[in-house]
Structures are given as structure tokens and as C-alpha cells.
Amino acid sequence: CVVGLHTAGTTATGSSQCEYRVEVKTGDVRGAGTDGTVTVCVFGTQGDTGTQPLETSRNNFERGQLDTFFFKAPDIGPITSCRVRACVRGALPA
């Protein structure tokens, strides 16, 4: 999969909370996709977001699909990396 990360900016109150957008493109090959639980932790120059679940519907992470997720977390500064984890289940785990 390919993960795209974006900081959507601070909240209207001017707090140190940011809204993050994560885009995940699942591969389009046989066996791609998962029904398992997927999480992300985004790292920046000033810390990390903590582990965040990526969940919007029952049909996330299907073969060839682009999924977009939003979550709020502390401002971590410029993004440097991320860690994506999947707890897979099913006949053909990805």
C-alpha cells in the first residue's frame, strides 16, 4: 500500500491540536486488501501522534481502493515518517 500524510492545520481555537489526513492506496494484485484492524502512528520533529485507528466503514482496505482517514492529535511539527500496522484476519491476509 501507499500512504499519503497531510496536516490539515490547527483547530479554530488556535490550540496545539492538528487535524491529520491519511490516504491509503491498497494494491491491485491478487490477495491485496484486508478486513483486519489497521493503525497508524505519525512521527514529526516534535513528537508523534500516538497510535490511531484507521476506520471509516466496513469496506476499508479493499483491493485497488483509495481510503481517506482523518484524526486529531497534538501538533508534531513537520512530518518525518509513519508506522502502519495491520492485525490481519481472513483467508488471504495482506
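S.K.: Would you mind showing me how to read the overall build of the protein chain here?
M.R.: The helix and strand tally for the protein chain stands at zero helices and seven strands. Ordered by position from the N terminus, the helices and strands of the protein chain form the series β-β-β-β-β-β-β. Across the protein chain, the fraction of contacts at a sequence separation of at least 24, relative to all contacts at a separation of at least 6, is 66%. Surface exposure of the protein chain reaches about 5,800 Å², of which carbon and sulfur atoms provide 50%.

S.K.: Looking at this structure, I do not really get the pairing of strand 2 (residues 17-25). What am I missing?
M.R.: Side-chain positions along a regular strand alternate between the two faces of the sheet. Across the two faces of strand 2 the burial differs, with C18, Y20, V22 and V24 buried and Q17, E19, R21, E23 and K25 not buried at all. Bridging between strand 2 and strand 6 (residues 66-74) involves nine bridges; their strand directions are antiparallel. Bridging from a neighbouring strand, V22 pairs with F69 of strand 6.

S.K.: Help me understand the environment of D67 in this model?
M.R.: Looking at where D67 falls in the secondary structure, it is placed in strand 6. For D67, a relative accessible area of 7% corresponds to the buried category. When sequence neighbours within four positions are dropped, the list of residues in contact with D67 reads V22, E23, V24, T26, N59, N60, F61 and E62. A polar side-chain atom of D67 sits 2.7 Å from the main-chain amide nitrogen of F61.

S.K.: How should the state of the cysteines be read in this particular structure?
M.R.: Taken as a whole and judged by the stated rule, the model has zero disulfides. A disulfide-free cysteine, C41 has its sulfur positioned 8.9 Å from the sulfur of C82, the nearest such atom.

S.K.: In this structure, what is going on with the packing of aromatic side chains? I would like to understand it.
M.R.: Two descriptors summarise a pair of aromatic rings, namely the distance from one centre to the other and the angle between the planes of the rings. Using the criterion set out here, one finds two aromatic pairs in the structure. With 5.5 Å between their ring centres and 20 degrees between their planes, Y20 and F71 make a pair best called stacked. Highlighted residues: Y20 in strand 2 and F71 in strand 6, separated in sequence by 51 residues. Of the two residues examined, Y20 and F71, each falls in the buried class. Between the aromatic rings of F61 and F69, the centroid separation amounts to 5.5 Å while the plane-to-plane angle is 20 degrees, which identifies the pairing as stacked.

What counts as what
- Residues numbered from 1 in each chain as written.
- Predicted model: local features only at pLDDT ≥ 70, side-chain atom pairs only at ≥ 80, totals over all residues.
- Heavy atoms only, no water.
- Helix = DSSP H or I, 4+ residues; strand = E, 2+ residues; numbered from the N terminus.
- Contact = heavy atoms within 4.5 Å.
- Areas by Shrake-Rupley, 256 points an atom, 1.4 Å probe, with all protein chains shown as cover.
- Buried < 20%, exposed > 50% of the residue type's maximum accessible area, 1.4 Å probe, protein only.
- Pairing = 2+ DSSP bridges.
- Polar contact = N/O pair within 3.5 Å; in protein donor to acceptor, adjacent residues only side chain to side chain.
- Disulfide = S-S within 2.5 Å.
- Phe/Tyr/Trp six-rings, centres within 6.5 Å; stacked < 30°, edge-to-face > 60°.

Scope: geometric values only; no functional claims are made or implied.
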